[in-house]
Amino acid sequence: MMTKILPFLSWFKGYNMNSLRADAISGLTVALVLIPQSMAYAQLAGLPAYYGLYASFLPPMVAALFGSSRQLATGPVAVVSLMTAASLEPLATAGSEGYIAYAVMLALMVGLFQLALGILRLGLVVNFLSHPVVNGFTNAAAIIIASSQLSKMFGVYVDKGEHHYETIIRVFEAAFHYTHWPTFVMGAFAFAIMYGLKWMWPKGPNVLVAVAATTLISWAAGYQHNTTAPIEAIVSPEAKQWIGSFNEAMARIPELAGERAAAYEAMEASRKENNIQTVLKAEHAATALTYHMDRLKEEAHAYREQIRLLKLRAVSQPDGSVRFYPEGCLPAGAPHDGRIWRIKVGNQPISQDNLTLMGGGAVVGEIPRGLPSFSIPKIDGNIVFHLFPYAAIISLLGFMEAISIAKAMAAKTGQRLDPNQELIGQGLANICGAIGKSYPTSGSFSRSAVNLQAGAVSGLSSVFTSVAVVIVLLFFTPLLYYLPQSVLAAVIMMAVIGLINVSGFVHAWKAQWYDGAISIITFVCTLGFAPHLDKGIMIGVVLSLAVFLYKNMRPKVVSLSRHEDEALRCSVTHGLKECPYISMVRFDGPLFFANASYLEDKITEFMRNKKDLKHIIIVANGINDIDASGEETLSLLVDRVRSAGVDISLSGVNESVMSVLDRTYFTAKIGKDHIYPTMEKAIASIHGDAHASASETGCPLLPAYRPA
């Protein structure tokens, strides 16, 4: 009982110093991969990089303590990070305080959802996500994740479009003219290190080496080169006009948002008072304000693009000050510092007294030293309602990824897994992570593989991983300041390459063409609707359920005949001659309200096609369940068939179906002598009477029959 409540107690049976040493080494090895990966994934989720570290010190330890897998490495992962960004972008600006608060609340919701499923023993609900759907979604997500990092690789800044492909088009347009080559070279160098070490030293910490080398180069070479200046230092009337207009638009948007919120409050108050006229006025005002806000956002976007595309050259003045001229507008013979400067612009008004100008590449920047404050996330009912579908999808996707990895490792170690216990572990990991300012996490395939290869014996390796992350947060965060953003982009792109699995589409198509079609449709829809990833996966789930329902509403109903190997097989599939006097009809599937009439239609069709038919044998081996509608249909079939002068029997009825037939007195109606345990006994008993006046020399149902 104690090991069910506290699964980690089972770790210590036969545990010794060798096991402790193996767990310590594997835990530290995983930490070397986790630390840079987690920072990269946090930025993929739209959060500051250090939130990846916050998501890496409680979730791995808690998931290991309360899960069932001893080698599963939990923490930030690519797909869950992408889903987090997709769910939060409509609510707040990426990286803002509100956005971070919603991400932490989403982690709590995911944890509660997973914990509830685990406690209620509902781990099987993950089966609603079929493998073709997950394969299509994962392949699309890998492409979306990789392409989302292109702007950081090229060192360009663009506003996101309504769809992901629109954003990528903007990135390529900007990169064609304004690629920051030091940024691109730094990212490409990181790629070269990771690929080279993966080839020469497969088990080595290639990610850590790439991060350490590029961070050192970034620090030594002055890769980041920012400065500040007043707007008067910009020698460009157009730039000053763009900045002023941008600030006006950005300052007006929050004011209109406040007015719209007041209009919505007035509308709700009027609804309670049943004042229809006031409700309509408030609704009209809210709609007009929304339209005005959208127009201002479009204006701000246009000005922001103009400011971002502006290339400046710095020219020192005789008085020691620096003035910035647009490229191509430098005074004749004026020397400049050789750098291209850009004005830093985001989603806030630009300070005209203290403009930030970027003359180098982007780095991670300052990471707060120490652990985050621990607190329960504040719950907002309206936000919870919006995030619930995303929380459910993230919960199921994350759990499916975690349990798939755990099963793959259990096949090698011989360990017994409990999916419901794993749900509890993942749920508690996300709940505790939310208290420690984490965003949603899950099991990682790459880090779990590292954990297994490093020789992890128990979940204590994940405890060592968490301790290593805590040490980094407490003492080593200043070392990460100069880590280039393009290197984190390279880390993400390197990690998601393994998610692309084209053979999954081929395999699904070979298994069933409709599974392959569902996988491809899910893939295309996920790409097309991105960043609204929930639409792609929901289309896949709906298609899977529709195919499932269609197959159950129209199960396979075939007429059997004797094959040359003496087995009874489908006469149409194998081109077999049928007996004109006996029809052996096999029904494959449960007989219930949705398909009962289909069986009736098929029986009628067989009777219409065989004018000399004397007996119908319903082969019930494939009927594993029956409801009241199914039993009622069988009862009506007995009456109809016998009234037409044809007898009817059943064969191969299993115990659960037979108990239903006994309770409803169907057995008495059809006659116990008309229910046979096997098909062969049914043929042996019925054949003589059915062929009493037959003129044929051999029957296609008999074992000795050989077609001419």
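As a reminder, the structure under discussion sits directly above these lines.
Heads up: these notes are all about the structure in this document.

Rules and cut-offs
- Residues numbered from 1 in each chain as written.
- Predicted model: local features only at pLDDT ≥ 70, side-chain atom pairs only at ≥ 80, totals over all residues.
- Heavy atoms only, no water.
- Helix = DSSP H or I, 4+ residues; strand = E, 2+ residues; numbered from the N terminus.
- Rg over C-alpha atoms; globule rule 2.2 N^0.38 Å.
- Contact = heavy atoms within 4.5 Å.
- Buried < 20%, exposed > 50% of the residue type's maximum accessible area, 1.4 Å probe, protein only.
- Disulfide = S-S within 2.5 Å.
- Pairing = 2+ DSSP bridges.
- Phe/Tyr/Trp six-rings, centres within 6.5 Å; stacked < 30°, edge-to-face > 60°.
- Salt bridge = Lys/Arg side-chain N within 4 Å of Asp/Glu carboxyl O.

When helices and strands are tallied, the protein shows 27 helices and 13 strands. For the protein, whose C-alpha radius of gyration is 34 Å, the value lies well above the compact-globule estimate of 27 Å for 708 residues. Sequence-distant contacts in the protein: of pairs separated by 6 or more residues, those separated by 24 or more amount to 79%.

Along the chain, Thr 214 falls in helix α11 (residues 206-221). Taking relative accessible area as the criterion, Thr 214 reaches 0% and is therefore assigned buried. When near neighbours in sequence (up to four residues on either side) are disregarded, Thr 214 contacts Met 186, Phe 189, Ala 190, Leu 483, Pro 484 and Val 487.

It is worth spelling out unusual backbone geometry at this point. The phi torsion of most residues other than glycine is negative, and most of the peptide bonds are trans. For the peptide bond that leads from Ala 530 to Pro 531, omega is 10 degrees, which places it in the cis range. When you line up the elements, Pro 531 lands in the loop between α20 (513-529) and α21 (533-553). For Glu 566, which is not glycine, the phi torsion reads 75 degrees and is therefore positive. Structurally, Glu 566 is set in the loop between β8 (556-562) and β9 (568-570). Look at Glu 566 and you get partly exposed, because its relative accessible area is 38%.

On to the state of the cysteines. Tallying each qualifying case throughout the model produces zero disulfides. The closest cysteine sulfur to the non-disulfide-bonded Cys 570 is located on Cys 579, 16 Å from its own sulfur. Look at Cys 570 and you get buried, because its relative accessible area is 10%. Cys 699 takes part in no disulfide bond, and the closest cysteine sulfur to it belongs to Cys 579, at a distance of 3.6 Å.

Moving on: the sheet that holds strand β5 (residues 342-343). The sheet built from three strands is open, its strands ordered β2-β6-β5 with antiparallel pairing. With partners counted over all chains shown, the strands left at the sheet margins are β2 (226-229) and β5, one partner each. Across two bridges, the pairing between β5 and strand β6 (residues 355-358) is antiparallel. By the bridge assignment for β6, Arg 342 is matched with Met 358.

Before going further, it helps to examine the packing of aromatic side chains. Counting across every chain of the model gives 16 aromatic pairs. With centroids separated by 6.0 Å and ring planes inclined at 70 degrees, the aromatic side chains of Phe 113 and Phe 388 adopt a geometry described as edge-to-face. Taken as a pair, Phe 113 in helix α6 (residues 97-119) and Phe 388 in helix α14 (residues 381-413) lie far apart in primary sequence, 275 residues in all. Under the relative-accessibility criterion, Phe 388 is labelled partly exposed at 47%. Between Phe 505 and Phe 523, the ring centres sit 5.5 Å apart and the planes meet at 75 degrees, which makes this aromatic pair edge-to-face. On the criterion of sequence distance, the pair formed by Phe 505 in helix α19 (residues 502-511) and Phe 523 in helix α20 is long-range, its members being 18 residues apart. Cluster of aromatic residues (ring-pair linked, three or more members): Phe 154, Phe 172, Trp 181 and Phe 184.

Before going further, it helps to examine the environment of Pro 368. Tracing the backbone through its elements, the reader meets Pro 368 in the loop between β6 and α14. When its relative accessible area of 33% is taken as the criterion, Pro 368 is described as partly exposed. It is 28 Å that separates the C-alpha atoms of Pro 368 and Ile 25, two residues lying 343 residues apart in sequence. Excluding anything up to four places from it in sequence, Pro 368 contacts Tyr 50, Tyr 54 and Thr 477.

So, on to the pattern of salt bridges. Under the counting rule described, the total for this entry stands at 17 salt bridges. The salt bridge involving Glu 255 is made with Arg 252; its shortest N-O contact spans 2.7 Å. Of this pair, Glu 255 and Arg 252 both sit in helix α12 (residues 237-272), separated by three residues, roughly a single helical turn. Note that Arg 586 is salt-bridged to Asp 588, the shortest N-O span being 3.2 Å. The network of salt bridges with shared partners includes Asp 159, Arg 304, Glu 305 and Arg 308.

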